[in-house]
Amino acid sequence: SAYILTISSSIAIFVFPYAKKSVEKEIPEEKIHYFYAAMILCLTGLMGITATGDAFNVFVFLEISSLSTYALVAMGDKKGEPPLASLAAYRYLIMGTIGGTFILLGIGFLYMMTGTLNMAELSEKIPLVAETTTIRAAMAFITVGTSIKLALFPLHMWLPNTYTHAPSVVSAFLSSTATKVSYYVLLRMLFVLFGVSLAAQATHFKFIIAPMALIAIFLGSVNAIKQTNIKKLLAFSSVAQIGYMVLGFSFNNINGLTGGIVHLFNHALMKGGLFLVVGCMYYRMNSVDLKDLKGIGRLMPWTTLAFALGGLGLIGVPFTAGFISKWYLVLGALDADAWWIAGLILVASLLAVVYIFKVLEVAYFQEPEEGLSVKEAPLSMLVPTYALILASIYFGCNTDPMLSVAREVAEMFWNIGAQGGV
């Protein structure tokens, strides 16, 4: 919980100051005060999910964060243009409501069998009734509901349009926090409440989760390559990165779980920073379509450099945070005697090379439109952007702080699960 709280609050520290200029550009003045209220409410919900020790309060805080998120996404509509952000928010609302309902049903089943909602008590009482159909149904409902919130393939269809049409700062904040908190909820429920032994007893659990994660990685990457809108490219990239995180715990060993947990932190830095970069580009260019960004590397050199550095992290180049994540995922695959999955992880990294260099080719190797004069992004936007991007480089070079914490968290989850509760 402390690990996720640190990530969420740290991202907010950088994103909120960035928001001032970005919001003035992208949101009508009369809605700005609503925007800040919704952002603070969203952060409160996400941190509440992480801090609570009550299963029902997980659902309550999840809905608080979700309802504010729907409003934040809808604020991305532009005057005189089709209401694409509102449509994306509506789709997200439908999927989010289904996911929340599944989670609530699962929690209801747990209460039916144990008579408590306190997670510490649940972890002690569930093993006593673990063989019942009700507990298995509860695990299924909670897993599916959380996977919707997490945007795991094939339950990811709300994510690409949501990230694409939301205001830039909202895309950055959600990509860095919301899906990470959902991943945390999934791990906490599966390991602390149900225990890894119960999950293993569900014979087909591993054989369902691992293929879904691999399909997410490749489908997300291939779709990212097809995009001409950078925000949508990064959105589909997020689908792939979520696949990496889920793949980590499907290996059923500590190295894989460590890789998934450390990737949660690393992806928050990299993808949050990249969406902030895109916000800087939109602030000056009024567009994030590749056809409008020819030669932007010469017009906005510092902004484009930040994109290049963040992109190297997504690829998994050594001395970036993304390399550490993939290294441990490969170790997890080898520990599970799934050498072919280790090969697929390397192949997927090559797909990331394609969609990142697709942007860099337009930025650096194409001529800007004649007579176009564009200033660099304001410092109030560049400083938070570089803080996240350089942090991803720092933690790629100095791996001990977050890697040791992720390892400790993985071992704790594993030991708790093996013992059938705290």
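One structure accompanies this document, and this report is about it. Everything quoted here is computed from the prediction, not taken from an experiment.

Digging into the pattern of salt bridges
Inspection of the entire model under this criterion finds four salt bridges. Between Glu 24 and Lys 20 there is a salt bridge, with the nearest N and O atoms lying 3.1 Å from each other. Taken together, the residues span about one helical turn, with Glu 24 and Lys 20 both in helix α1 (residues 2–26) at a distance of four residues. In this structure, Asp 292 engages Lys 291 in a salt bridge whose closest nitrogen and oxygen atoms are separated by 3.3 Å.

Concerning helix α12 (residues 254–285)
Counted at 1.5 Å a residue, the expected span for α12 with its 32 residues is 46 Å, and the 46 Å between its end C-alpha atoms agrees. Of all the bends in α12, the greatest measures close to 25° and is centred on Asn 266. With 30 of 32 residues buried, α12 is to be regarded as a mostly interior element. Just beyond α12, the residue with positive phi is Asn 286, at close to 60°.

Overview of the packing of aromatic side chains
In this structure the tally under the stated criterion is 13 aromatic pairs. Judged by centre distance (5.7 Å) and plane angle (85°), the ring pair of Tyr 163 and Phe 275 falls under edge-to-face. Of this pair, Tyr 163 sits in helix α7 (residues 159–165) while Phe 275 sits in helix α12, and the two are 112 residues apart along the sequence. Grouping residues by exposure puts Tyr 163 and Phe 275 together as buried. Considering the side-chain rings of Tyr 394 and Phe 395, the 5.1 Å spacing of their centres and the 80° angle between planes classify their relative orientation as edge-to-face. The class for Tyr 394 is partly exposed, based on a relative accessible area of 45%. Within the aromatic cluster, the residues linked to one another by ring pairs are Tyr 70, Tyr 92 and Trp 158.

Details of unusual backbone geometry
Cis geometry marks the peptide bond from Phe 153 to Pro 154, where omega comes out at 5°. Of note, Pro 154 is situated in the loop between α6 (133–150) and α7. With a phi close to 70°, Ala 151 is a non-glycine residue in the positive phi region. Structurally, the position occupied by Ala 151 is in the loop between α6 and α7. With a phi close to 75°, Phe 319 is a non-glycine residue in the positive phi region. As for its placement among the helices and strands, Phe 319 is situated in the loop between α14 (301–315) and α15 (321–335).

Some thoughts on the nonpolar core
Nonpolar side chains tend to gather and get buried jointly when the protein is soluble and globular. Ranked by internal contacts, the top residues of the largest apolar core, which has 148 residues, are Phe 35, Phe 173 and Phe 194. With 18 residues, the top contributor of residues to this core is α12. Other than its neighbours up to four places away in sequence, Phe 194 contacts Leu 110, Ile 126, Ile 135, Ala 138, Met 139, Ile 142 and Met 189.

A word on the environment of Ile 64
Tracing the sequence through the fold places Ile 64 in helix α3 (residues 55–74). Among residues more than four places away in sequence, those in contact with Ile 64 are Leu 41 and Gly 45.

Here we look at α15
Taking 1.5 Å of rise per residue, the 15 residues of α15 would be expected to cover 21 Å, and the 22 Å separating its terminal C-alpha atoms lies within 8% of that figure. One or two positions beyond α15, positive phi appears at Asp 337, with a value near 60°.

Digging into the packing of α14 against helix α16 (residues 339–365)
Across the interface, α14 lies against α16 with an axial gap of 9 Å and an inter-helix angle of 170°. As judged from the angle between their axes, α14 and α16 are roughly antiparallel. Residues Pro 301, Thr 304, Leu 305, Phe 307, Ala 308, Gly 311, Leu 314 and Ile 315 of α14 lie in contact with α16, whose contacting residues are Ser 349, Ala 352, Val 353, Ile 356, Phe 357, Val 359, Leu 360, Ala 363 and Tyr 364. The residue inventory of the contact of α14 with α16, partitioned by class, reads 14 nonpolar, three polar and no charged.

Brief notes about the side chain of Ser 66
By the secondary structure assignment, Ser 66 is in helix α3. With a relative accessible area of 4%, Ser 66 lands in the buried category. Polar side-chain contacts of Ser 66 include one of 2.8 Å to the backbone oxygen of Leu 62.

What about the packing of helix α8 (residues 168–193) against α12?
Contact geometry of α8 with α12 gives a least axis separation of 7 Å together with a crossing angle of 165°. Viewed along their axes, α8 and α12 adopt a mutual orientation that is roughly antiparallel. Read as a crossing pair, α8 and α12 show a hand that is right-handed. Contact with α8, carried on its side by Ser 168, Ser 171, Ala 172, Ser 175, Ser 176, Lys 180, Tyr 183, Leu 187 and Phe 191, involves Leu 257, Gly 260, Ile 261, Leu 264, His 267, Ala 268, Lys 271, Gly 272, Phe 275, Leu 276 and Gly 279 of α12 and no other residues of that element. The class makeup of the residues in the contact of α8 with α12 is 10 nonpolar, eight polar and two charged.

Some details on the environment of Ala 342
Here Ala 342 is to be found in helix α16. According to the relative accessible area criterion, Ala 342 is buried, its value standing at 7%. Counting along the chain gives 177 residues from Ala 342 to His 165, while the straight-line C-alpha distance between them is 34 Å. Residues within four places of Ala 342 in sequence aside, it is in contact with Val 330, Ala 333 and Leu 334.

Criteria and cut-off values
Residues numbered from 1 in each chain as written. Predicted model: local features only at pLDDT ≥ 70, side-chain atom pairs only at ≥ 80, totals over all residues. Heavy atoms only, no water. Salt bridge = Lys/Arg side-chain N within 4 Å of Asp/Glu carboxyl O. Helix = DSSP H or I, 4+ residues; strand = E, 2+ residues; numbered from the N terminus. Expected span 1.5 Å × (residues − 1). Bend = angle between axes of the 7 residues up to and from the residue. Buried < 20%, exposed > 50% of the residue type's maximum accessible area, 1.4 Å probe, protein only. Phe/Tyr/Trp six-rings, centres within 6.5 Å; stacked < 30°, edge-to-face > 60°. Core = buried A, V, L, I, M, F, W, Y, C linked by side-chain atoms within 4.5 Å. Contact = heavy atoms within 4.5 Å. Axes fitted to C-alpha atoms, helices over the stretch in contact; angles between N-to-C directions. Parallel < 35°, antiparallel > 145°, perpendicular 65-115°, else oblique. Nonpolar A, V, L, I, M, F, W, Y, C, P; charged D, E, K, R; others polar. Polar contact = N/O pair within 3.5 Å; in protein donor to acceptor, adjacent residues only side chain to side chain. Left-handed = near helix turned anticlockwise from the far one by under 90°.

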